[in-house]
Each structure stands twice: as structure tokens, then as C-alpha cells.
Amino acid sequence: MSLQPGERRDVGLADLLDRLIDGGVVLTGDVMLSVADVDLVYIGLRLVVAPARIVSESIRGARSVEGEHGG
Amino acid sequence: MILLYAIIPAGQPPAPMWKPGAELRVVAHGTLAAVYEELESTRAASIQELTDYGAVLTDLMQRCPLLPVRFGTVLDSVEDLRELLSSRQDEWAERLSRIAGNVEVIVHVPDSGAGPNRPETGSGRDYLLARVAAHKRRQRLQEELLSVVEAHCLESRWLRGVDELRLACLVPAVATDPLRRAVEAWAGAQGGAAPILTGPHPVLSFTERRQDELAAGP
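Residues numbered from 1 in each chain as written. Chains lettered and ligands numbered in written order. Predicted model: local features only at pLDDT ≥ 70, side-chain atom pairs only at ≥ 80, totals over all residues. Heavy atoms only, no water.

Engineer: What is the right way to look at the pairing of strand S2 (residues 24-29) of chain B in this model?
Structural biologist: Residues and elements named next belong to chain B. Both S2 and strand S3 (residues 32-38) contribute to a ladder of six bridges, which runs antiparallel. Its bridge partner lying in S3, arginine 25 is registered against tyrosine 36. Here S2 folds back onto S3 in antiparallel fashion, the turn holding two residues, of which glycine 30 has a positive phi close to 65°. (Pairing = 2+ DSSP bridges. Helix = DSSP H or I, 4+ residues; strand = E, 2+ residues; numbered from the N terminus.)

Structure representation (C-alpha cells):
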């Protein structure tokens, strides 16, 4: 089964968000005051470490729930 | 207080930079510059904040080479940022030169034969044999995928993946299609599920030299 273009975009977004919190230049030493609330973000993104197809399904599911609650 | 976005070469003003409701600024020191946002105070990070941060970096990567900074990195002042640019000048200049003109593409390859996580049926010996077979299969897939991508990318890094291989590739921005075609051809010959390639992304997985390169020296 292959992914539709919209589902591929979801996987791409999940990849980007995963790398934003787990990649990039890391600063150590006195100059870094804090990494603001990243743990909270990470909890919301735990689906990122799941396989691509599951990520896509999870994002679709989350959107469906948002639609039901958000009108 | 400032939120740091990216390190870029000095003299390449990336304006106009987009972020709703915020003004992004640039400070230069020597051959490097940094893109940042003034914050009145730390604020609760949200998925929207993270998405906006990614949008800024994705927009910025179209304009100049950049070393993206991990989300949530906050400094006390612009003066601290200048000191940081000074202290990391050589390292970041070398890395910027290395990644210039390249983007990150992430390859997902399903690994459905990942093996059992815990014994459910059969003997313990059967369970262990199944785990060993799954491990060997994954190793073979990794070796094959690396041999496919190495002709198309400057560097690669394995990322965490569950029931799939996930490989970040540093690829020339103008040459992502050959990588895509090569991976799809390899997967097609395997007869397995189609791979997924995402990107181009900012080079978030390639901001530092690999440990083996560090050990080997400059």
C-alpha cells in the first residue's frame, strides 16, 4: 500500500518536528539558560518515533478529533 | 532574552524573514551571523511554536546556507550570542562550508520482519532465534540501503525508527531526485513495501561532524 500525497506531507512534517527537537546545533555551557518546555512538546510528539504509516494515521486521527471538538 | 534559530554566513542578509507576530533579527561576528528573536520571557512551548520554528528554518534554507539550532535554545543577551559566535567561529564556519548547497532528505524503509518483542508462543529458544534472525535481516537492510545512498549523498546518519529504518541523508539540493529514484529502484527490486522519502529539510541531522570524523582529526 502506498501513501497518498497528503499522507506523505504528514510524514514529512513529523520528520521535521522530530529533528527540530532532537537535531540541530546543541549549545552547552554557561550561555544556555534553558531549553524551554521541550519535554512538553516531546510528549505531544511521541508518535514521531513510530513508523511512517502509523505517524500518518495518528496525525489523521488527531485532526479528526480536533474537528469533532473544535467544530 | 533571545531565542536562537540558526547560524549563517555573515554578509548574507536573509531578510525578509517570515514569522507571524515576531521580528527576526541578525547579529554578525567575524565570518558568522546568527538569526534570533527577542523574547520578553520564556513562554510555554507548543506544537504551533515548534511548527513556526520549522517554517522559519525552512524559509531561511531557501536563502542561504544555515546551521539550524535545536528548538528551545535561549540565550540571555545578544552579547552572549556574539561571544558564542566568537568561541565557535572555526567549528561553525567549517561546518557551514561543508553543508552549503545541501539539504537533508530522510529515507524511511519498512522493516516488517523486526521480530517479536517478547515470547508469546513456542520455546525460549525459538524466541531467541527469531530475534537473531530479525537482527540479521535489519543489518542486511541497513548495509544495502547505505550502499544505495552513498553514491548520492555526502553524509548519512541513522535516526531512531520503530519497525522501519530511518536514514537522514545530506544531499545536494539540486540532486534529490536521483537519490529518490535509486532508493525506489532498490526497494522495488526487493519486492517489499515502498520506501518514503521526506524533505528537503534544513540540515538538522548534520550540524556536527560525526564522532569517527572527530577521532580522525581535521
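Engineer: For this particular structure, what's the right way to read the domain arrangement of chain B?
Structural biologist: A common way to report how large an interface is uses the accessible area buried once the components associate. Residues and elements named next belong to chain B. You can read the domains of chain B as domain 1 (2-99) and domain 2 (102-216). Taken together, the contacts link ten residues of domain 1 with 15 residues of domain 2. Buried area between domain 1 and domain 2, both sides added, is near 1100 Å², and the carbon and sulfur share of it is 58%. Looking only at domain 1, the three residues that lose the most surface to domain 2 are Arg95, Arg98 and Ile99, adding up to 49% of its buried area. On the surface where domain 1 and domain 2 come into contact, there are two salt bridges. Salt-bridge contacts for glutamate 155 lead to arginine 98; the nearest nitrogen and oxygen are separated by 2.8 Å. The set of elements that each furnish at least two residues to the side of domain 1 that touches domain 2 consists of helix H1 (47-60), strand S4 (67-68) and helix H3 (89-99). Per-element tally for the side of domain 1 that touches domain 2: the top contributor is H3, with four residues. (Domains from an automatic or database assignment. Contact = heavy atoms within 4.5 Å. Buried area = accessible area lost by both parts, 1.4 Å probe. Salt bridge = Lys/Arg side-chain N within 4 Å of Asp/Glu carboxyl O.)

Engineer: Explanation requested: the nonpolar core in the structure shown.
Structural biologist: One recurring pattern in soluble globular proteins: nonpolar side chains tend to sit buried together. Core analysis: the largest hydrophobic core is formed by 67 residues, its most contacted members being Leu20 of chain A together with Leu4, Tyr5, Ile7, Leu81, Trp92 and Leu145 of chain B. No other element matches the seven residues that strand S1 (residues 2-9) of chain B contributes to this core. Mapping this core onto the domain boundaries places at least three of its residues in each of domain 1 (2-99) and domain 2 (102-216) of chain B. When residues no more than four places from it in sequence are discounted, the contact partners of tryptophan 92 of chain B are Val25 and Leu27 of chain A together with Ile7, Leu32, Leu67, Leu84 and Leu85 of chain B. (Core = buried A, V, L, I, M, F, W, Y, C linked by side-chain atoms within 4.5 Å. Buried < 20%, exposed > 50% of the residue type's maximum accessible area, 1.4 Å probe, protein only.)

Engineer: Could you clarify how one ought to interpret the packing of aromatic side chains in this entry?
Structural biologist: What describes a pair of aromatic rings is the distance from one ring centre to the other and the angle between the planes of the rings. All names here are of chain B. Applying the stated criterion to the full structure yields two aromatic pairs over all chains. Aromatic side chains tyrosine 53 and phenylalanine 71 sit 5.1 Å apart centroid to centroid with 80° between the ring planes, which places their arrangement in the edge-to-face category. With a gap of 18 residues between them, tyrosine 53 in helix H1 and phenylalanine 71 in the loop between S4 and strand S5 (73-75) connect regions that are remote in the sequence. In this structure, tyrosine 53 and phenylalanine 71 share a single accessibility class: buried. The structure contains a cluster of three or more aromatic residues connected by ring pairs, namely Tyr5, Tyr53 and Phe71. (Phe/Tyr/Trp six-rings, centres within 6.5 Å; stacked < 30°, edge-to-face > 60°.)

Engineer: Looking at this structure, I do not really get the side chain of histidine 108 of chain B. What am I missing?
Structural biologist: Relative to the helices and strands, histidine 108 of chain B resides in strand S6 (residues 102-110). At 2.7 Å, the side chain of histidine 108 of chain B and the side chain of aspartate 15 of chain A are in polar contact. A polar contact of 3.1 Å, which involves the side chain of histidine 108 of chain B, links it to the side chain of glutamate 164 of chain B. (Polar contact = N/O pair within 3.5 Å; in protein donor to acceptor, adjacent residues only side chain to side chain.)

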